[in-house]
Amino acid sequence: MLGFLSARQTGLEDPLRLRRAESTRRVLGLELNKDRDVERIHGGGINTLDIEPVEGRYMLSGGSDGVIVLYDLENSSRQSYYTCKAVCSIGRDHPDVHRYSVETVQWYPHDTGMFTSSSFDKTLKVWDTNTLQTADVFNFEETVYSHHMSPVSTKHCLVAVGTRGPKVQLCDLKSGSCSHILQVVFAGHRQEILAVSWSPRYDYILATASADSRVKLWDVRRASGCLITLDQHNGKKSQAVESANTAHNGKVNGLCFTSDGLHLLTVGTDNRMRLWNSSNGENTLVNYGKVCNNSKKGLKFTVSCGCSSEFVFVPYGSTIAVYTVYSGEQITMLKGHYKTVDCCVFQSNFQELYSGSRDCNILAWVPSLYEPVPDDDETTTKSQLNPAFEDAWSSSDEEG
Amino acid sequence: MQLFPRGLFEDALPPIVLRSQVYSLVPDRTVADRQLKELQEQGEIRIVQLGFDLDAHGIIFTEDYRTRVLKACDGRPYAGAVQKFLASVLPACGDLSFQQDQMTQTFGFRDSEITHLVNAGVLTVRDAGSWWLAVPGAGRFIKYFVKGRQAVLSMVRKAKYRELLLSELLGRRAPVVVRLGLTYHVHDLIGAQLVDCISTTSGTLLRLPET
């Protein structure tokens, strides 16, 4: 590290190299820290977590009891022992609280004034953070499994919603309508949509994953159908009928784009995780081994960003497995939860991981690289005293 | 390849290796996958879907496959269709599966010829209008394989603490059900991650995973 610092100082190396090397080193040292805690508010399992992208300071969590809690993650006290306190929460006594379990929450990507939440009670609610009131409610015919709003888009305010029906619906926040539906009779999905995700690179590209084992990439401006259906065997593209292409051999539970948007990771109930090239839909054949996945609804996993080789954190039963994205090697398994882990998010400013599970806890995984320096109060006070003022007599216990 | 007991099937089947066995032999799975993909593209091997588990792929050398299939359908009424298939489709298309219009338009097969191929066991139905490549007569192999896999797994399961040293497992007498050989199955179990492989001071230990 000192070598990197001096190289940066003298201009031999780009400053980004030091940042990436140090981030990678910190991610490799992630573990549970007794000094960091998240206040426990939820009475049910935690289904979803989201950290706001602007400052990385506030975190939203949605639970299976319908409660949504907002935490402040910043450590403004001087001590190393810190509990992330809940700033406010939408509890069961709130008039607009969701009636059933909250499946997905997401901050508005451009500021923290607004967030969206979707739940099994067939609604998507848009909340104003400062007053904690619903600004808008979208109702659907089926239970909502997942929703996502594009993190980079400036041209549209569409929220993609995946429900139990085979149609992907797009809700427009500017106009309040939810009439745009992505469903082409033959090429659309056939079963429930378990996960949706916008590309972090292009404004209009959306990926959807469904229980019929298919993952489709759509351009929402094009009404005629999906762009690509991902095929795990990388079959010949000359096949006219894409209906037999499956991305996994079971339901596809989770989707995550890498932070540059060039690759897409998918997780399925066939206990596999696959990495796809998002521009041509090719399976890059990186093999992560068995990634246990028994979840009947979506699994939310996350990718690190800012490290030299990106890591993916996947909930694996009651642990979290960490793999390198491009080589498929398993780095470690983070053990700490008592029950199944449902979701995890990565805070890229401090390289911390927060995970929520069915045991109603949110755990914070913090990089621990150095032993804490013990308090050396005695040595400092001793050295401050001039030897002339020190007492010359020793304690009388031994002599007497 | 040497582990495959040829005598058992009286030379009617080409030696089949499973992808999970390759994973157990090569330490890095991604590299193994990529190399298999290269060999498949060069036409040296064919990958075949074994019916019992969607993830289990069998790997066969193309030459072996060709000779066995020809021998199996010698003198049968569908020999002509099979030979045409082997000659035209196999070198051209290295995939595991074939689609309806691909067969009729690109390769010029009629529906009756496709039925002949299914009867011969070269194609297996996957979906309406698409087929997997298959090995004729592989039913017996799959039956022995599934039974043998279950038998070896139960040997580990019945052990105290559900774990066995690899050397001890291989030293035991194989139960009658295991016709393909203990080492064949052990490689497959390790590669498919159905047992955890832990290295100890007395050698490799096989332990059943917790779930």
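Not measured: the values here are computed from a predicted model. Counting of residues starts from 1 at the beginning of each chain's written sequence and follows it residue by residue. Here every chain gets a letter starting at A, and every ligand a number starting at 1, in the order they are written. Local features are withheld for residues below a pLDDT of 70 in this predicted model, meaning they are given only at 70 or higher, and side-chain atom pairs are given and counted only at 80 or more; totals for whole chains, interfaces and linings count all residues. The side-chain numbers reported here are obtained from all heavy atoms of the structure, hydrogens and water having been left aside.

1. Let's talk about the overall build of chain B
Alright, step 1. Per the secondary structure count, chain B includes nine helices and nine strands.
Alright, step 2. Only protein chains enter the area calculation, which uses a 1.4 Å probe; residues under 20% of their type maximum are buried, those over 50% are exposed, and those in between are partly exposed. Every one of the 211 residues in chain B was classed for burial, and the buried ones make up 47%.
Alright, step 3. Contact definition: two residues touch when any of their heavy atoms are within 4.5 Å. Considering only contacts within chain B whose residues lie at least 6 apart along the sequence, 61% involve residues at least 24 apart.
Alright, step 4. Exposure was quantified through the Shrake-Rupley algorithm and a 1.4 Å probe, taking into account, for residues, occlusion by the shown protein chains and nothing else. Accessible surface computed for chain B: about 10,500 Å², of which carbon and sulfur atoms make up 53%. By definition, any uninterrupted DSSP run of H or I lasting at least four residues is a helix, any uninterrupted run of E lasting at least two residues is a strand, and each is numbered from the N terminus.

2. Topic: the nonpolar core
Alright, step 1. Counting 29 residues, the largest nonpolar core has Leu18, Tyr65, Val82, Phe85, Leu117, Val122 and Phe141 of chain B as the members making the most contacts within it.
Alright, step 2. Those elements that place two or more of their residues in this core are helix H3 (62-72), helix H4 (79-92), helix H6 (111-120), strand S6 (130-133) and helix H7 (138-158) of chain B.
Alright, step 3. It is H7 of chain B that contributes the most residues to this core, five residues altogether.
Alright, step 4. Apart from residues no more than four positions distant in its own chain, Val122 of chain B is found in contact with Tyr65, Val69, Val82, Phe85, Leu117, Trp132, Leu133 and Ala134 of chain B.
Alright, step 5. Listed in part, the 18 residues of the second largest apolar core include Met273, Tyr288, Val303 and Tyr323 of chain A. To qualify as a nonpolar core, a set must consist of buried Ala, Val, Leu, Ile, Met, Phe, Trp, Tyr and Cys residues joined through side-chain atoms within 4.5 Å.

3. Some details on the pattern of salt bridges
In a structure, side chains of opposite charge can pair up when their charged atoms sit close to one another.
Alright, step 1. In what follows, salt bridge is the name for a side-chain nitrogen of Lys or Arg lying within 4 Å of a carboxyl oxygen of Asp or Glu. If you walk through the whole model with that rule in mind, you get 12 salt bridges over all chains.
Alright, step 2. We note a salt bridge from Lys155 of chain A to Asp203 of chain A, for which the minimum N-O separation is 3.4 Å. Taken together, the residues span a long stretch of sequence, with Lys155 of chain A in the loop between strand S12 (144-149) and strand S13 (158-163) and Asp203 of chain A in the loop between strand S16 (193-198) and strand S17 (205-210) at a distance of 48 residues.
Alright, step 3. Relative accessible area serves as the criterion here: at 56%, Lys155 of chain A is assigned to the exposed category.
Alright, step 4. By relative accessible area, Asp203 of chain A is classed as buried at 13%.
Alright, step 5. Note that Arg172 of chain B and Glu168 of chain B form a salt bridge whose closest N and O atoms lie 3.2 Å from each other.
Alright, step 6. Among the charged side chains, a salt-bridge network with shared partners connects Arg57, Asp72 and Glu74 of chain A.

4. Some details on the packing of H7 of chain B against helix H9 (residues 182-191) of chain B
Residue and element names in this part refer to chain B.
Alright, step 1. Axes here mean lines fitted to C-alpha atoms, for a helix over just the part in contact, with angles spanning 0 to 180 degrees between N-to-C directions. H9 packs onto H7 with a crossing angle of 75° between their chain directions and a minimal axis gap of 10 Å. The angle between H7 and H9 falls in the class roughly perpendicular. Here H7 contributes Phe141, Tyr144, Phe145, Gly148, Arg149, Val152, Leu153 and Met155 to the contact with H9, which in turn contributes Leu182, Tyr184, His185, Val186, Asp188 and Leu189.
Alright, step 2. A breakdown of the residues in the contact of H7 with H9 according to their chemical character gives 10 nonpolar, two polar and two charged. Roughly parallel here means an angle under 35 degrees, roughly antiparallel means over 145, roughly perpendicular means 65 to 115, and every remaining angle is called oblique. All amino acids are sorted into three groups, where Ala, Val, Leu, Ile, Met, Phe, Trp, Tyr, Cys and Pro are nonpolar, Asp, Glu, Lys and Arg are charged, and the leftover types, Gly among them, are polar.

5. A few points about the pairing of S13 of chain A
Residue and element names in this part refer to chain A.
Alright, step 1. Most of S13 sits inside the fold, with six of its six residues counted as buried.
Alright, step 2. Because side chains alternate across S13, one face comprises the buried residues Leu158, Ala160 and Gly162, and the other comprises Val159, Val161 and Thr163, equally buried.
Alright, step 3. Pairing between strands is defined by DSSP: at least two bridges between them are needed. Relative to S13, S12 is paired through five bridges, and the arrangement is antiparallel. Across the sheet, residue Met149 finds its bridge partner in S13, namely Val159.
Alright, step 4. Relative to strand S14 (residues 168-172), S13 runs antiparallel, the two sharing five bridges.

6. Thoughts on the side chain of Thr319 of chain A
Residue and element names in this part refer to chain A.
Alright, step 1. Here Thr319 shows up in strand S26 (residues 319-324).
Alright, step 2. When its relative accessible area of 10% is taken as the criterion, Thr319 is described as buried.
Alright, step 3. Other than its neighbours up to four places away in sequence, Thr319 contacts Val314, Met333, Leu334, Lys335 and Val341.

7. Thoughts on the confidence of the model for chain A
Residue and element names in this part refer to chain A.
Alright, step 1. Here chain A averages 81 in pLDDT, while 86% of its residues score no lower than 70.
Alright, step 2. Predictor confidence is given residue by residue as pLDDT, running from a minimum of 0 to a maximum of 100. This stretch, residues 237-241, has a pLDDT under 50; its non-local contacts, to residues over four places away or in other chains, come to seven contacts.
Alright, step 3. Here residues 377-383 scores under 50 on pLDDT; set against residues more than four positions off or in separate chains, the count is zero contacts.

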